[in-house]
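Results of the structural survey
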Amino acid sequence: MTSIPTPHANDLPESQHNSGDNYLNHSRGFASWAFTVDHKRIGIMYGISICTFLLLGGIFALILRTMLALPIANIENHANYDPAYLKHWMDVYNHMFTLHGAVMVFLFIIPGIPAVLGNFVLPLMLGAKDVAFPKLNLASFHIFVIGSLILAWVLLKGVLVAMFPGLAQYIGYGGLETGWTFYTPYSMDSNSAVVEATFGAFVLGFSSILTGVNFIASMHMLRPKGMSWFRMPLFLWALYGTAIIQLLATPVLAITLLLLIAERAFRVGIFDPNLGGDPILYQHFFWFYSHPAVYIMVLPAMGVISELVTAHSRKHIFGYSFIAYSSIAIALLGFFVWGHHMFTSGQSPMANAVFSLLTFSVSIPSAIKVFNWLSTMYRGEIHLRTPMLYVLSFILLFAIGGLTGLFLGALATDIHLHDTYFIVAHFHYVMMGSTLIAFLGGMYHWWPKMTGKMYSEKVGAIACAMVFVGFNLTFFIQFIAGSQGMPRRYASYIDDYQIYHHISTGGAFVLGSGLFLVLFNWIHSLLKGAPAPANPWGANTLEWQCSSPPPHDNFTDTPAAGDPYDMTEWQYDESIKGYVKAND
Amino acid sequence: MTDTTANTNVMAHDSDHGHGHDPHLAHHFETKHQQNTSAKLGMWAFLSTEILMFGGLFCGYAIYRANHTDIFMYAHKMLDMKLGAINTVILLTSSMTMAWAVRAAQLGQQQLLKLLLAITLLGGFGFLGVKYVEYTSKFHSGLFPGARNAYFDVEQANKSLGLTGEYAITPTMKHWHIKNIENHYFGKYGVHWEVPKAYQIPELGYHPPHHGEHDNHAVKPAEHHTAADAGEVRESLTVEAPKPGELEHSTIGVPGNGPAGVNPQILKAPAHDMPEDHAGHHLLTYDQLPELEKPRVHHFFQIYYLMTGLHVIHVLIGMSLIAWIFVRACKGQFSKAYNVPVDIVGLYWHLVDLIWIFLFPLLYLIH
Ligand SMILES: [Cu+2]
C-alpha cells in the first residue's frame, strides 16, 4: 500500500480509484513480478520488454536511415572512398537493416498487442480472474525472455566481434545480415550468426503458440454468464482470430527454422541448391508462416481499433457481427495467399493467378472493417482524445497500406514493383502505420486501467501528430521512390534517388522524436499523473467495471455481461472525471 | 460452457486455495468440469500445432517424393521394414496401455494405473531401443545424416567436413562405398557387385558375407587401416569414376509419366537387367538412376533422419511426461475426482503414436 505514491488518491472514492490493495502493490520484490501468475503483471512485463525492443529496433532504423542519407550512399561519390572501407560500410548497412527487421518483427510486432494488451485486457474483458492457464502464461513469458536473450546474444556478439575481431575464431561471427527472411541459399553461406538467430526466433515461436493456446481456452471456457460468443468484445474476436493463426502457422515456422538449422549444422541440403536442394521450397515454407504472421500483427490491431472507435465515439459499434466474422475470415483467408511473395520466383502462372485472386479476396473483410468503423463514427459523439487521434491515424494509414497492397497483389504491376521501396513503404504502412499506431492508441486507451493514472492529453495529441507527420514523411515518399525503381535493401543509390532518401531520413527523425514524446508522456503520467477513475471513457466492456488499477483478483463480484457496446447507461460525472452507471 | 456463476461470490473473498474448497480447483475456475474441459481443450489446441509442425516435414517429403520418385524407390529399400513393424506394434500397444491407464485413473484404480503407466513407459524405452539398433546399423553402412552420408556429393562433402589431401573422399571411394551398401542391403534381392579387395573396408560400408558363403571375401580388420594404407590403396587402384548407367537422360524436375511418377525410361529398360524384390517390383540400383538424380539420393536419408529424429524427440518428451505422472501416481495424487493430467498426457502420447503410424508406411512401406 505504501509502494506507489498516490498523492491525489483521496480525491476519488475507493470504488473508482484503487489506492488500497491493487495488483501493482499486492506483493513486492523482484520474485513477486518475475514469477507471478497474475495476467496483469505478466502483461506489464511484456509491455516493458516489448517497448525496449521497439526502442532497439527504432535505433537500428535511425542508423540505417542515417546511413542512407550520408554522401557515401550516393554512387556518384563512391570514387572518393577506399573500396575496402566501402565494402565494410555496406556490410554494416546489411547488418542494420536485417537487425531492424528481425528485432521489430520477432520481438515487437508479432508479440506486441496480444502479449501486452491481450494479456492485460482479455481476462478483464471476460470478467475473469485470470487466463485459463496462468502458469502456462508465465511460462510463455519466460520462453519469450529466453528467446529474446538469444537474439540479444546475436547482437552482442556482433558488437564484440566488431570491436575485437580476434574473438571471431572463438565465438564465431555475430550480427545478422541475411535479411529478416533468412532466404536460402545466402543464409547457408552467410558467416553471421544465422543459427543462433533462427534458434531465437524458434524459441519465440513457442511463446507465441502457448499464448495462443491460452487465449483460445480462456475465450471458450471463461466467458461469464450472459456473454455469448456474439456478446464478446470485438478485441477478443480479433485475438481469437490471431490465436488461430498463432496455433496453425507458427509451428510451420518452427519446422522451417529447424530445417534451416539442420541445413547449416549438418548440410542436409533440403534448401541448398548446391546440395540438390530447393531454395523455393524454403520460400514457400517461410511465407506459409510469415504471410499469416502479417495477420498476427494486424488482426489484434484491428481489434484494438474496434474497441477504441466505439468508446471514443460514444456510439454502439456499427456492424458487430460483420467485424467479428471478418476477423475470422481474415485469419482463414490469410493462410491461402502466401504465394504472392513468389510472383517473380518462377512460380507457375497458374499458381500466380490463384494466389493473386486470393490475395485480392483478403481486401474484402479488411474493407468491411474500415467501413464499419467509419459508420460507427457517423453521427457519434466523437471525443478527440489521444486514443481517438490514433484511431483516425490508423484508419487513414491502414487504408493507404491496404490499397497499395492491391498494386502488389496484381501480377502485372508486381513485376515492376517487387523488391523496390514501394513494397517497403507498403508493409511499413501496414505493420507500423497500423500495428504500431493501434498499439500506441490501445496503450493510451487502457493506460488509466493499467497504471491507475491519467496521462496528458495535450502532450498525447502533439506526440500523435508528430508520429503521424513523421511517419508519412518517411514512408509516403518511398512509394514514389519505389515506383521510380529504387530497389530495397540496397546500401547505395544513383543520384536520382538522393532526394527521396533525404526526405525519408528527415521524416524518420520526426517520427522518432514523436515516439520519444510518447514515452515522456507515459513516464510523466506514472510520476505525476492524476488518479484515474474506474471508467474514464464510458465504455461498457467489463474491464472498466473494476477499479483502476484493478485489484489483485480483478473483480470482487463477477460483473454481469450484457451488450458490450451499449453505453447508454454510463453518464459522465464531473466530480470524478469519469463515467458512472446511471442506475448505480 | 457458460453455465455456472454460482460459486463466484463465495470464492471471490478467499481466492487462495484451501478454505474448504477443492484443493485441485484453481481460483479462477468455478467448477471442476470447467477446469478439466479447459485443460483438455488447451491440449487439443496444442496438439494441432504439433500436427502442423510435422505437417511441414510431411509436405517436404511429399514434394521430394513427387519430384524425385526414383530416389525414393531406390533408397527406401534400405530401411529395415521388420524393425519398423516391431516399433509400430510397440507404439500401438503402449498407446493402448495409455488409454487403459486413463480409464484406470478415472475409476480410481491406483495399482492398475501405476502398472499401466509403467508398461507404457517401457514401450517408450522399447521403441527407443529399436530405433537405436536401426540408426547404428545405418551408421555402420555410412548412411549418416548430413554431409557424411555415403551418397553426398564428394566435393561438397570434402568442403563441409574439411577433408583435404589424402583424407579427402574421392569419386572412386564413393563408387565402391555405394556398391558395398547395395551388396549389404540389396543382397537379399540378388544384387552382388564384385568389390575390389582394397575397397572391402568396413568404413566404406563393407559388411562381410555370412560365414561360409563367400570365403574369398576376407576382410582386413579395421585397425590395420592407417591413413597411409588408404592412400596407397587409392593410388594403386585405377578404377575410374562410376560407369555412367544406360540412363543418362535428365529427368530433373520432370514428373514421370509412369506409375507413381517413376522415370519412364527405367520402365522401358529390359526387365532381365533388373533384380526384383519379394513383391515382384523392379529394384533400382544406383547406376540405373538418372545422372542428375544421383547427387540427390542422400535427400531420402536426410528426410528419414529429420522425420524420425523429430519423432524421437517427441517420444522422449512423451516419456518424460509419463514418468512425471507415474511419480505423481505413486504419490497417490490421482483419484476419481482428480485425474486430468493423466488424460492430457495420454492425448500427447496418442499423438506421438499417430505420427509414427504415418511415418512407418511413408518411409518404409510404400513403393
Ligand atoms: Cu503476404
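Keep in mind that this is a model prediction, so the values were computed, not measured.

Structural notes on the overall build of chain B
A count of helical and extended segments in chain B gives eleven helices and zero strands. Secondary structure of chain B in N-to-C order comes out as α-α-α-α-α-α-α-α-α-α-α. Looking at chain B residue by residue over its 367 residues, the buried ones come to 48%. The contacts of chain B with a sequence gap of at least 6 include a subset with a gap of at least 24, amounting to 72%.

Description of the overall build of chain A
Within chain A, the secondary structure is distributed over 16 helices and two strands. Along the first, second and third principal axes, the C-alpha atoms of chain A reach 75 × 50 × 45 Å. With 584 residues in all, chain A has 62% of them scored as buried. If you take every contact in chain A between residues at least 6 apart in sequence, the share linking residues at least 24 apart comes to 79%. Working note: accessible area of chain A is about 20900 Å², and carbon and sulfur atoms make up 70% of it.

Focus on the interface of chain B and chain A
On the side of chain A, 45 residues touch chain B, which itself brings 42 residues to the contact. Taken over both partners, the interface formed by chain B and chain A buries close to 3700 Å², and the fraction arising from carbon and sulfur atoms is 70%. Seen at the junction of chain B and chain A, the total is zero salt bridges. Connecting chain B to chain A are twelve residue pairs in polar contact (both at pLDDT 80 or more). Counting only elements with at least two residues in the side of chain B that touches chain A, the list comes to α1 (8-12), α2 (32-67), α6 (154-161) and α10 (297-330) of chain B. At 18 residues, α2 of chain B tops the list of elements feeding residues into the side of chain B that touches chain A. Its residues placed into classes, the side of chain B that touches chain A shows 19 nonpolar, 22 polar and one charged.

Digging into the coordination of the copper ion
Four donors placed tetrahedrally around a metal ideally meet at 109.5 degrees, and six donors placed octahedrally ideally meet at 90 or 180 degrees. All names here are of chain A. Each protein donor to the copper ion is listed here as H291 (ND1), H340 (NE2) and H341 (NE2); together their distances run 1.7 to 2.0 Å. Donor residues for the copper ion, ordered by position in the chain, follow H-x48-H-H. Of this pair, H291 sits in helix α9 (residues 279-313) while H341 sits in the loop between α10 (320-333) and α11 (349-377), and the two are 50 residues apart along the sequence. Classification of H291 by relative accessible area gives buried; the value is 6%. Here H341 falls in the partly exposed class, since its relative accessible area comes to 28%.

Section: the domain arrangement of chain B
Residue and element names in this part refer to chain B. In terms of domain boundaries, chain B breaks down into domain 1 (39-143 + 300-364) and domain 2 (162-287). Every contact between the two is made by 13 residues of domain 1 and, on the other side, 22 residues of domain 2. Both sides together, the interface formed by domain 1 and domain 2 hides about 1500 Å², and carbon and sulfur atoms give 59% of it. One can count zero salt bridges joining domain 1 with domain 2. One can count three residue pairs in polar contact (both at pLDDT 80 or more) joining domain 1 with domain 2. Counting residues per element, the ones that place at least two in the side of domain 1 that touches domain 2 are α3 (69-75) and α5 (110-140). Here the side of domain 1 that touches domain 2 takes four residues from α3, the largest share from any one element. Classifying every residue of the side of domain 1 that touches domain 2 gives five nonpolar, five polar and three charged.

What to know about the packing of aromatic side chains
All told, the structure shown has 64 aromatic pairs over all chains when counted by the stated rule. Centroid distance W356 of chain B to F360 of chain B: 6.4 Å. Interplanar angle 20 degrees. Geometry classified as stacked. Here W356 of chain B and its partner F360 of chain B are both found in helix α11 (residues 340-365), four residues apart, which amounts to about one turn of the helix. Accessibility expressed as a relative area gives 11% for F360 of chain B, which makes it buried. Centre to centre, the rings of F360 of chain B and Y364 of chain B are 5.4 Å apart; their planes meet at 45 degrees, and the pair counts as tilted. Of the two residues, F360 of chain B and Y364 of chain B both sit in helix α11, four residues apart, roughly one turn of that helix. For the pair shown, F360 of chain B and Y364 of chain B are each scored as buried. The cationic tip of R41 of chain A hangs over the ring face of W33 of chain A; the distance from NZ or CZ to the ring centre is 4.3 Å. In this structure, R223 of chain A is placed above the aromatic ring of W229 of chain A, and the distance from its NZ or CZ to the ring centre is 4.1 Å.

Some details on the pairing of strand β1 (residues 570-573) of chain A
All names here are of chain A. With four bridges connecting them, β1 and strand β2 (residues 578-581) associate as antiparallel partners. Looking across to β2, one finds that Y572 is bridged to Y579. The hairpin formed by β1 and β2 contains four residues between the paired strands, and K577 there has a positive phi angle of roughly 55 degrees.

Comments concerning the pattern of salt bridges
Tallied over the full model, the rule gives ten salt bridges over all chains. A salt bridge links K577 of chain A to E574 of chain A; the nearest nitrogen and oxygen atoms lie 3.4 Å apart. Using a relative accessible area of 53% as the deciding quantity, one classes K577 of chain A as exposed. Taking the shortest distance from any N to any O, the salt bridge between R296 of chain B and E293 of chain B comes out at 3.7 Å. By relative accessible area, E293 of chain B is classed as buried at 2%.

Here we look at the nonpolar core
If you look at the biggest cluster of nonpolar residues, it comprises 263 residues, and the most contacted ones within it are F106 and F394 of chain A together with Y74 and Y151 of chain B. Per-element tally for this core: the top contributor is helix α3 (residues 83-125) of chain A, with 24 residues. Of the domains in this structure, domain 1 (39-143 + 300-364) and domain 2 (162-287) of chain B are the two that each give at least three residues to this core. Once residues within four sequence positions are removed from consideration, Y151 of chain B is found in contact with Y74, M78, L143, K174, I178, I181, Y286, K294, P295, V297, H298 and F301 of chain B.

Some thoughts on the confidence of the model for chain A
Scored by pLDDT, chain A comes out at a mean of 92, with 98% of its residues at no less than 70. Note on residues 1-10 of chain A: pLDDT is under 50 here. Beyond four places in sequence and across chains, it has 14 contacts.

Let's talk about unusual backbone geometry
Residue and element names in this part refer to chain A. Residues T184 and P185 are joined by a peptide bond in cis, for which omega reads 0 degrees. Inspection of the secondary structure assignment puts P185 in the loop between α5 (168-171) and α6 (186-189). A cis amide bond links S548 to the next residue, P549, at an omega of -15 degrees. Topologically, P549 is positioned in the loop between α16 (498-528) and β1. Positive phi is not limited to glycine here, since F182 has a value of about 55 degrees. Look at F182 and you get buried, because its relative accessible area is 1%. A positive phi angle, close to 55 degrees, is found at K577, a residue other than glycine. Relative to the helices and strands, K577 resides in the loop between β1 and β2.

Re a nonpolar patch on the surface
Residue and element names in this part refer to chain A. There is a patch of nonpolar side chains on the surface, built from L55, I59, I63, F516, L519, I523, L526 and L527 and spanning about 720 Å² of accessible area. Counting residues per element, the ones that place at least two in the nonpolar patch are α2 (39-69) and α16. When residues in the nonpolar patch are grouped by element, the largest group, five residues, is from α16.

Comments concerning the environment of L526 of chain A
Residues and elements named next belong to chain A. Mapping L526 onto the fold places it in helix α16. Taking the relative accessible area as the measure of exposure, L526 reaches 42% and is therefore partly exposed. Along the backbone, L526 and Y455 are 71 residues apart, and their C-alpha atoms lie at a distance of 8.1 Å. Not counting the four nearest positions on each side in its chain, L526 is found in contact with W447, T451 and K453.

What about the side chain of S148 of chain A?
All names here are of chain A. With respect to the helices, strands and loops of the structure, S148 is situated in helix α4 (residues 134-163). A polar atom in the side chain of S148 sits 3.0 Å from the backbone oxygen of V145. Residues contacting S148, with those up to four places away along its chain left out, are F53, L107 and L204.

Examining α10 of chain A
All names here are of chain A. Here α10 spans 20 Å end to end across 14 residues, near enough to the 20 Å set by a 1.5 Å rise per residue. All of the buried residues in α10 are Y320, I323, A324, S326, S327, I328, I330 and A331. Buried positions along α10 lie against α8 (234-266), α9 and α11.

Rules behind the numbers
Residues numbered from 1 in each chain as written. Chains lettered and ligands numbered in written order. Predicted model: local features only at pLDDT ≥ 70, side-chain atom pairs only at ≥ 80, totals over all residues. Heavy atoms only, no water. Helix = DSSP H or I, 4+ residues; strand = E, 2+ residues; numbered from the N terminus. Buried < 20%, exposed > 50% of the residue type's maximum accessible area, 1.4 Å probe, protein only. Contact = heavy atoms within 4.5 Å. Areas by Shrake-Rupley, 256 points an atom, 1.4 Å probe, with all protein chains shown as cover. Buried area = accessible area lost by both parts, 1.4 Å probe. Salt bridge = Lys/Arg side-chain N within 4 Å of Asp/Glu carboxyl O. Polar contact = N/O pair within 3.5 Å; in protein donor to acceptor, adjacent residues only side chain to side chain. Nonpolar A, V, L, I, M, F, W, Y, C, P; charged D, E, K, R; others polar. Donors = N, O, S within 2.8 Å, 3.2 Å for Na, K, Ca; no water. Domains from an automatic or database assignment. Phe/Tyr/Trp six-rings, centres within 6.5 Å; stacked < 30°, edge-to-face > 60°. Lys NZ or Arg CZ within 6 Å of the ring centre and 35° of its normal. Pairing = 2+ DSSP bridges. Core = buried A, V, L, I, M, F, W, Y, C linked by side-chain atoms within 4.5 Å. pLDDT = per-residue confidence, 0-100. Patch = residues over 30% accessible without salt bridge, like charges linked within 9 Å, V, L, I, M, F, W, Y side chains within 5 Å. Expected span 1.5 Å × (residues − 1).

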